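# Observations on the three-dimensional arrangement
One letter stands for each residue in the lines below.
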Amino acid sequence: MLRTTLCCAALLLAPACAPRTGAGAAASSSPMTPTPADAEYSRFAREYLDAYYAAHPVRSTSLGLHPYDTRLPDVSAGAFERRAKELHGWLARLEKLDRAGLTGDAVFDVRILENALRAELLELEEERGWQRNPMLYNGTIANGLSSLSQREFAPVEERVASLMARMGQIPRVVAAAKANLRDVPKPWAEQALRDTRGTVNFLRSDLPAALGAQGLGRADGKLNQAFSAALAKATAEVEEFARWQETELLPKANGDFRLGKELFERKLALEEHVALTAEQLRDLNERAIRDYKARVAAEAARVDARKSPVEVMDALVHDHPTAEALIPTAREQLEECQRFVLEKGLMTLPSERLPAVRETPPYARMGFASMDTPGPFETRATEAFYNITNVEAGWTEEQKAQHLTYFNHAGLLGVTVHEAMPGHFVQLLYEAQIPTEVRKVFAPASLVEGWAHYVEQMMVDEGFGGGDPGVRLGQLRRALQRHARWHAGLSMHAFGESVEGAAKRYAEIAYFEPFPALREVQRGTFNPTYLYYALGRMQILKLREDYKRYVEARGQTFSLRDFHDRFLRLGLPVSLARQALMPGDTGPSLE
């Protein structure tokens, strides 16, 4: 995931962990002598991060750290049990730290680390995805291979050697999946089967094509022969894994995917640093839905007062590029977004580069669009890809048409703002300024996705689209989509709603067609807290207004550019960013 960051000089006084050599070196420095508590925390953070990278070799590759590129993680039951025991040990050590003696970055980062430890324990011991979620195992394989083939961070020969080493461990991953999985929910089994089939296609075509374009054909003949043999074996193993899922796992998949209210609340508190009850979350969301629906009605009347908001929105979403024009249109919009940010001075852009726009690779087509960025410690292969999921050949004409409604012209413009400019891609451009390693590794989704969703609204508020009500309606529709996700995840996991009921309500909230609405809700069965988009946007908007009052109360002038630059340099969960921007603040991040 992307991480973002903000700097408050008075508080960034001590390093959050002992410096790394090379790419992972901590960025924070200070003239203040660290306290004994700071020194102890730095030792703890350095040792924990090094152990974390070793325990999560595929994530390490994605982060841009390459000592473990030849390894896939041990996903046996025994390994997960050992990991949980280790986490308990790390927590016991963390709890002995003198937090009152911490200064600077460590004041915040110790809380980030504790939440990360407890969130992983929650997953291992209570959610138990390793026993119930088959997507974990295909994801281990697919991400383990794609992370080595997508970017040229080393010569192709070195990466192919690592690929073959990881391919040799695929049977161990598949065997663990077969041994571990039980009580699998049907939606998870269905998605896992789709994903695994996508991985087979990736192995058959995308992987060899990517490596061929990177010069594998010019490499040593013996290496090519060895790789071809390893690839054929890996493909056969993943094909067999897909057959097992189809014939053995899916027919028996009758588990309940719901977390329950109490577990949902704890998961959200640990992962997103937001401690609200399910009832409070429901009330917040319903108020926001009513507000946005009222704004949709007002804007729709500007377009055609004779039609209902549903009719106006329906016309809007059916004005979309063809499948062939989708990617070229997004490229044009990307340049338009960058010009607007620069002309309006909305924030400082550390670089004028832009990401490559492409179709989403087959193995990663779960969502409509995404920003695929290099890890924060990557120094060589620093390309970024704006992925857009186009229609699929196997869909019916009606399914293709419904899918493209998501990329209506106003909607695609907002997607480009969110994923690229000034959303996730700008977060990448600021990544080098993140003050600590901890924040680069453990950024919450409500910060990452919250920022990207926030700028969708901010850009239109600042005049993007020239006052076109269609552009505003597109932004409002995307906001309602995120609130529909909020409703779906919360209602299913905390209040027992059915998938069908959540999908129907989703379509009503977000003006979606039934097919894409169902796909979105199916995601919510295994991504229960995907309310973090709207949650983060609401937190940032409140922080901006509170910070504006804070600055003006001290006789200073509030600047949107200054706020954005500061926020993007901090890299803290919004609830902690409040305390960094406004020392002494005790207000809630949401209310």
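Below you will find a few notes about this structure. (Residues numbered from 1 in each chain as written. Predicted model: local features only at pLDDT ≥ 70, side-chain atom pairs only at ≥ 80, totals over all residues. Heavy atoms only, no water.)

This brings us to helix H8 (residues 170-180). An α-helix turns once every 3.6 residues. As a result, residues three or four positions apart point the same way. The complete set of buried residues in H8 reads Ile-170, Val-173, Val-174, Ala-176, Ala-177 and Asn-180. Projection of H8 onto a plane perpendicular to its axis shows the buried side chains occupying an angular sector of 160 degrees, all on one side. The secondary structure elements touched by the buried residues of H8 are helix H3 (77-95), helix H5 (129-132), helix H6 (135-149), helix H7 (156-167) and helix H10 (221-249). (Buried < 20%, exposed > 50% of the residue type's maximum accessible area, 1.4 Å probe, protein only. Helix = DSSP H or I, 4+ residues; strand = E, 2+ residues; numbered from the N terminus. Arc of directions from axis to C-beta. Contact = heavy atoms within 4.5 Å.)

Right, let's talk about the nonpolar core for a bit. One recurring pattern in soluble globular proteins is that nonpolar side chains are buried together. Tyr-137 and Phe-442 are the most contacted members of the largest nonpolar core, which has 167 residues in total. Listed in part, the 20 residues of the second largest apolar core include Val-274, Ala-278, Leu-531 and Leu-590. (Core = buried A, V, L, I, M, F, W, Y, C linked by side-chain atoms within 4.5 Å.)

Bringing the pairing of strand E3 (residues 385-388) into the picture now. Here E3 shows two buried faces, one formed by Phe-385 and Asn-387 and the other by Tyr-386 and Ile-388. Direction of pairing for strand E1 (residues 356-359) relative to E3: parallel, over a ladder of 4 bridges. For Glu-359, the partnering residue across the bridge sits in E3 and is Ile-388. Here strand E2 (residues 369-372) pairs with E3 via 4 bridges, running antiparallel. Across the sheet, the residue bridging to Ala-369 is Ile-388, located in E3. (Pairing = 2+ DSSP bridges.)

Let's shift gears to the packing of aromatic side chains. Counted according to the given criterion, the structure contains 23 aromatic pairs. Ring geometry for Phe-563 versus Phe-567: centroids 6.0 Å apart, planes at 20 degrees, classification stacked. With Phe-563 and Phe-567 both in helix H24 (residues 560-568) and 4 residues apart, this pair spans about one turn of that helix. On the basis of relative accessibility, which here comes to 2%, the residue Phe-567 falls in the buried class. Here a set of aromatic residues connected by ring pairs shows up, and it is made of Trp-451, Tyr-454, Tyr-547, Tyr-550, Phe-558, Phe-563 and Phe-567. Its guanidinium or amino end placed over the ring of Phe-495, Arg-282 lies 4.5 Å from that ring's centre, counting from NZ or CZ. (Phe/Tyr/Trp six-rings, centres within 6.5 Å; stacked < 30°, edge-to-face > 60°. Lys NZ or Arg CZ within 6 Å of the ring centre and 35° of its normal.)

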